[in-house]
Amino acid sequence: MTLFAFTGAIELGLVYGLMALGVFLTFRILDFPDLTVDGSLPLGASVVSVCIIKGVNPYLALIPAMMAGFLAGMITGVLTTKLKILHLLSSILTMTALYSINIRVMGGSPNIALLGKPSVFDPFRSLNLPSYLVYNIVFGVVAVLVVALLIWFLRTEFGQALVATGDNPRMITSLGVNTNFTIIIGVGISNSLVALSGALIAQYQGSADVGMGVGTIVAGLASIVIGETIFGKRRLWTTIISVLLGSIIYRLAIAVALRLKIKGFSFEPSDLNLITASLVVLALVFPLLRESYNNRKRLKSCSK
Amino acid sequence: MLKIKGLTKYFSRGTPNEVLAIDDLDLSVLSGQFICVIGSNGAGKSTLLSCIAGTSLPEAGTILLKGVDITHLPEYKRAKQIGRVFQDPLSGTCPSMTIVENMSLAMRRGKSRTLRMGINRRERDFYRENLHLLGLGLEKRLDDKVGLLSGGQRQSLSLLMAALVRPTILLLDEHTAALDPKTAELVIRLTQDLVLKDNLTTIMITHNMTLALNNGNRLIMMHQGKILLDFDEKTKNALTVPDLLEHFEVAHPLSPVQVSDRMLLS
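The rules behind each value
- Residues numbered from 1 in each chain as written.
- Chains lettered and ligands numbered in written order.
- Predicted model: local features only at pLDDT ≥ 70, side-chain atom pairs only at ≥ 80, totals over all residues.
- Heavy atoms only, no water.
- Helix = DSSP H or I, 4+ residues; strand = E, 2+ residues; numbered from the N terminus.
- Buried < 20%, exposed > 50% of the residue type's maximum accessible area, 1.4 Å probe, protein only.
- Contact = heavy atoms within 4.5 Å.
- Areas by Shrake-Rupley, 256 points an atom, 1.4 Å probe, with all protein chains shown as cover.
- Lys, Arg positive; Asp, Glu negative; His and termini not counted.
- Charge placed at Lys NZ, Arg CZ, Asp CG, Glu CD.
- Patch = residues over 30% accessible without salt bridge, like charges linked within 9 Å, V, L, I, M, F, W, Y side chains within 5 Å.
- Salt bridge = Lys/Arg side-chain N within 4 Å of Asp/Glu carboxyl O.
- Core = buried A, V, L, I, M, F, W, Y, C linked by side-chain atoms within 4.5 Å.
- Buried area = accessible area lost by both parts, 1.4 Å probe.
- pLDDT = per-residue confidence, 0-100.
- Pairing = 2+ DSSP bridges.

## Considering the overall build of chain B
Thinking step 1. When its secondary structure is counted, chain B shows ten helices and ten strands.
Thinking step 2. Here the C-alpha coordinates of chain B stretch approximately 65 × 40 × 35 Å along the principal axes.
Thinking step 3. Taking all 266 residues of chain B together, 50% fall into the buried category.
Thinking step 4. Taking contacts inside chain B between residues at least 6 apart in sequence as the whole, the part at least 24 apart equals 66%.
Thinking step 5. Taken as a whole, chain B presents about 12,700 Å² of accessible surface, with 54% of it coming from carbon and sulfur.
Thinking step 6. Positive and negative side-chain charges of chain B, numbering 32 and 28 respectively, have mean locations separated by a distance of 9 Å.

## Here's the deal with a nonpolar patch on the surface
All names here are of chain A.
Thinking step 1. Together, M1, L3, F6, L127, L129, Y132, L133, V256, L260, I262 and F265 give the surface a local cluster of nonpolar side chains, amounting to about 1,000 Å² of exposed area.
Thinking step 2. Put simply, the parts of the chain that give the nonpolar patch at least two residues each are α1 (3–29) and α6 (131–155).
Thinking step 3. As for its placement among the helices and strands, L127 is situated in the loop between α5 (122–125) and α6.

## So, the nonpolar core
Thinking step 1. Of all hydrophobic cores here, the largest spans 131 residues; its most connected members are L154 and L200 of chain A together with I99, M103, L131 and L219 of chain B.
Thinking step 2. If we skip the residues at most four places from it in the chain, L219 of chain B touches C36, I38, A212, L213, L229, D230, F231, K236, L239 and L244 of chain B.
Thinking step 3. Within the second largest apolar cluster, 26 residues are counted, among which are L2, I4, C51 and I63 of chain B.

## Some points on the interface of chain B and chain A
Thinking step 1. Counting residues at the interface gives 33 residues for chain B, matched by 24 residues for chain A.
Thinking step 2. Overall, the association of chain B and chain A removes approximately 2,400 Å² of surface from exposure, summing both partners, and the carbon and sulfur fraction of that is 58%.
Thinking step 3. Counting the surface chain B buries against chain A, the share from its top three residues, Y76, R113 and L115 of chain B, is 24%.
Thinking step 4. Put simply, chain B and chain A have one salt bridge between them.
Thinking step 5. Where E157 of chain A meets R108 of chain B, a salt bridge forms, and the shortest distance between an N and an O atom there is 2.8 Å.

## Digging into the environment of L171 of chain B
Residue and element names in this part refer to chain B.
Thinking step 1. One can find L171 in strand β7 (residues 169–173).
Thinking step 2. Here L171 falls in the buried class, since its relative accessible area comes to 2%.
Thinking step 3. Spatially, the C-alpha atoms of L171 and I203 are 5.1 Å apart, while their sequence positions differ by 32 residues.
Thinking step 4. With residues up to four places along the chain from it excluded, the contact list for L171 reads L49, I52, A53, I82, G83, R84, V85 and I203.

## Notes on the pattern of salt bridges
Thinking step 1. Counted by the stated rule, this structure contains ten salt bridges over all chains.
Thinking step 2. For E228 of chain A, the salt bridge identified is with R28 of chain A, shortest N-O distance 2.7 Å. With a gap of 200 residues between them, E228 of chain A in helix α10 (residues 216–231) and R28 of chain A in helix α1 connect regions that are remote in the sequence.
Thinking step 3. With a closest N to O distance of 3.2 Å, R128 of chain B and D125 of chain B form a salt bridge. Of this pair, R128 of chain B and D125 of chain B are both found in helix α4 (residues 121–134), three residues apart, which corresponds to roughly one turn of the helix.
Thinking step 4. Look at R128 of chain B and you get partly exposed, because its relative accessible area is 33%.
Thinking step 5. Each of E157 of chain A together with R108 and E123 of chain B takes part in salt bridges that share partners, so that together they form one network.

## Topic: the confidence of the model for chain B
Residue and element names in this part refer to chain B.
Thinking step 1. Residues of chain B with pLDDT of at least 70 account for 94%, and the chain-wide mean is 90.
Thinking step 2. The low-confidence segment residues 259–266, where pLDDT is below 50, has two contacts with residues more than four positions distant or belonging to other chains.
Thinking step 3. With pTM at 0.90, the complex prediction returns an ipTM value of 0.88.

## A word on the pairing of strand β4 (residues 60–65) of chain B
All names here are of chain B.
Thinking step 1. The pairing of strand β1 (residues 2–11) with β4 spans five bridges and is classified as antiparallel. Its bridge partner lying in β4, I4 is registered against I63.
Thinking step 2. Pairing geometry for β4 and strand β5 (residues 68–69), over two bridges, is antiparallel. Counterpart to L64 in the pairing with β5 is D69.
Thinking step 3. Turn length for the β4-β5 hairpin, with the two strands adjacent in sequence and antiparallel, is two residues, and the turn residue K66 shows positive phi of about 50°.

Here you go:
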């Protein structure tokens, strides 16, 4: 793999890692499979793009993008808790609605170009650093900040109540926590992280596209499962770091797969979702396979 | 202190499966009373507790706790006043969180959850002292995940957590039913200790008549959603299990259903 491809994969791993952390918050902490993310990633991208085009500072433009993501997550949360719609379905409903909303946000067109517009990378570009370093610095700083904030947040009283909501809702209700509230806020925070990820990606690739969110949830799950499998999940804070590292490894694996050539056959970028889905299936099945393999080994050693 | 008037609760109301779980029930609990509730399956014991706790809302009647009407208050808003232990030992704790984290959650029962740290260094000593009372060695395992503990250990921890912040009333729903006899005995001893120490007002449901006779200072027998018998401490202390069964027969002559069952069997 070339240096360019390698650093490119790390950049993507860091910026999509923010999304993976958002998915981790719902999928693992709240036990809430949230497909809203497929819509809130382009939502963050389109909001930030429109803001930048309107002349807003690219850093400040991240705030409305995150707020939009938060709102989208809250809607999913309200549909689930107050209106009692199945969580998976609520999130699909929000995701579907977001498709139309994203096009509205972008003024009726399915994409927006940001070429030549200011971006969060400008202050670092003026230092005459090579571009791969600029991206890695910006995404690295944001990712470390978000990881630190998330670890802090989950240790606060509210964060602990959130963890307990996913773990044992009956118990935490009997201790005086309104689980409807924790779920709505939790899914909101998760989607604000996903929107932040989308907002940075838009500035990175120089455009926002309504279709850029397809497969977000699966990529997020892949990062979580890879991170947990390789780096373990002993404590909550180690798991959070594992998820970010998992995202980087996932992007490296994709980069390798796309360069694979077997007798004239090679993967196309459009095969990405197929590869990812297969990867998630493998990673999810792996613990099962390992267990049955160990059992068989134990049986054999017993019969000897 | 706890005043229940005309409490009525149906399940599946308006369907052919309608069940009258609690039938116009009146109950008045005084401060410091430790009430044991016995009765056959479906007598309405657990439903009574869940109406007090707010897990289910009654169709009619009022529940006053310390003079405040809590009949329709959501469950999480009553939590400040009410400590609970469930029948299932796994229900009272969070398995993926550590012992300290679980106790910290219980320490904040009924308080608003802020962005202050959820685990406090200074509280650790307090938790350690409390865990020491259990005599299970859990004070040395503060940072172990609760999912690693046995059912008995988890139930003991649940009980400790329910009383960590003094509740106005403690509700125990057959909290020893799922434990082996020895662990059940331990949990009962712990219950007695905690209730005595803080002079807690307690309602304990049990299927075990001996347990009901040996614990508490008031005994209630429920049947078909009503209170059938109500003994004060003096009468209760003179009772034996056969007495209790006899009382049940006298106070409640065989219902038509039971009669037809008997006829079928004979």
